[in-house]
Amino acid sequence: MFEIRVEKTIACAHQLFGYNGPCEKLHGHNYRVEVALRGTELDEFGMLEDFTVVKLAFNAILDELDHEYLNDLPAFKGLSPSAENIAAYVYREMKSRGKFQRGKVHQVSVWETPTQVAVYSED
């Protein structure tokens, strides 16, 4: 099994409504987001997927979130924009938008801080 990963950092603001603590207040994070693709076959160049192709899909999704107030975005309407829900959203968007030949989207990780990460996977 082969696995490739791509990551990007984005800055977003959000608040967790109904949460009894400081995260209920408007605040922001520099999220580090990573997508992992897995597969068993390589192309004739020895690659699971071209990183450029993966980054095109990944960056398009993350650019829609970068420097936004997440609570205002349709993707999080009625949904708390927690790191877990951000990871699930990016995962689903990568599966639907990514046109990959051999690699399958395996998981998305979202770090709120260097020591706190939420991971979403359907495996």
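What you are looking at is a predicted structure, and each value in this text was computed from that prediction instead of being measured. (Residues numbered from 1 in each chain as written. Predicted model: local features only at pLDDT ≥ 70, side-chain atom pairs only at ≥ 80, totals over all residues. Heavy atoms only, no water.)

(A) Examining the pairing of strand β2 (residues 27–39) more closely. In terms of strand pairing, strand β1 (residues 2–14) meets β2 through 13 bridges, oriented antiparallel. Looking at β2, one finds that Ala13 is bridged to Gly28. (Pairing = 2+ DSSP bridges. Helix = DSSP H or I, 4+ residues; strand = E, 2+ residues; numbered from the N terminus.)

(B) Broad picture of the sheet that holds strand β3 (residues 104–113). Judged by pairing direction, the sheet is antiparallel, and its 4 strands sit side by side in the order β1-β2-β3-β4 without closing on themselves. Of all strands in the sheet, those with a lone pairing partner are β1 and β4 (116–120), marking the two edges. In this sheet, neighbouring strand axes are inclined to one another by 20 degrees on average, regardless of whether the strands run parallel or antiparallel. As judged from the 7 bridges shared by β2 and β3, these two strands associate in the antiparallel manner. Bridge pairing in β3 places Arg32 opposite Trp111. Together, β1 and β2 form the strand contacts of helix α1 (residues 51–65), whose direction differs from that of β1 by roughly 15 degrees. On the sheet, helix α2 (residues 83–97) packs against β2, β3 and β4 and is oriented at approximately 150 degrees with respect to β3. (Axes fitted to C-alpha atoms, helices over the stretch in contact; angles between N-to-C directions. Contact = heavy atoms within 4.5 Å.)

(C) Geometry of α1. Taking 1.5 Å of rise per residue, the 15 residues of α1 would be expected to cover 21 Å, and the 21 Å separating its terminal C-alpha atoms lies within 8% of that figure. Within the span of α1, buried status applies to Val54, Ala57, Phe58, Ile61, Leu62 and Leu65. Looking at the buried positions of α1, the neighbouring elements they touch are β1, β2 and α2. The opening residue of α1 is Asp50, an N-cap whose side-chain oxygen sits 2.8 Å from the backbone nitrogen of Thr52. One or two steps after α1, the chain reaches His67, where phi turns positive at roughly 60 degrees. (Expected span 1.5 Å × (residues − 1). Buried < 20%, exposed > 50% of the residue type's maximum accessible area, 1.4 Å probe, protein only. Polar contact = N/O pair within 3.5 Å; in protein donor to acceptor, adjacent residues only side chain to side chain.)

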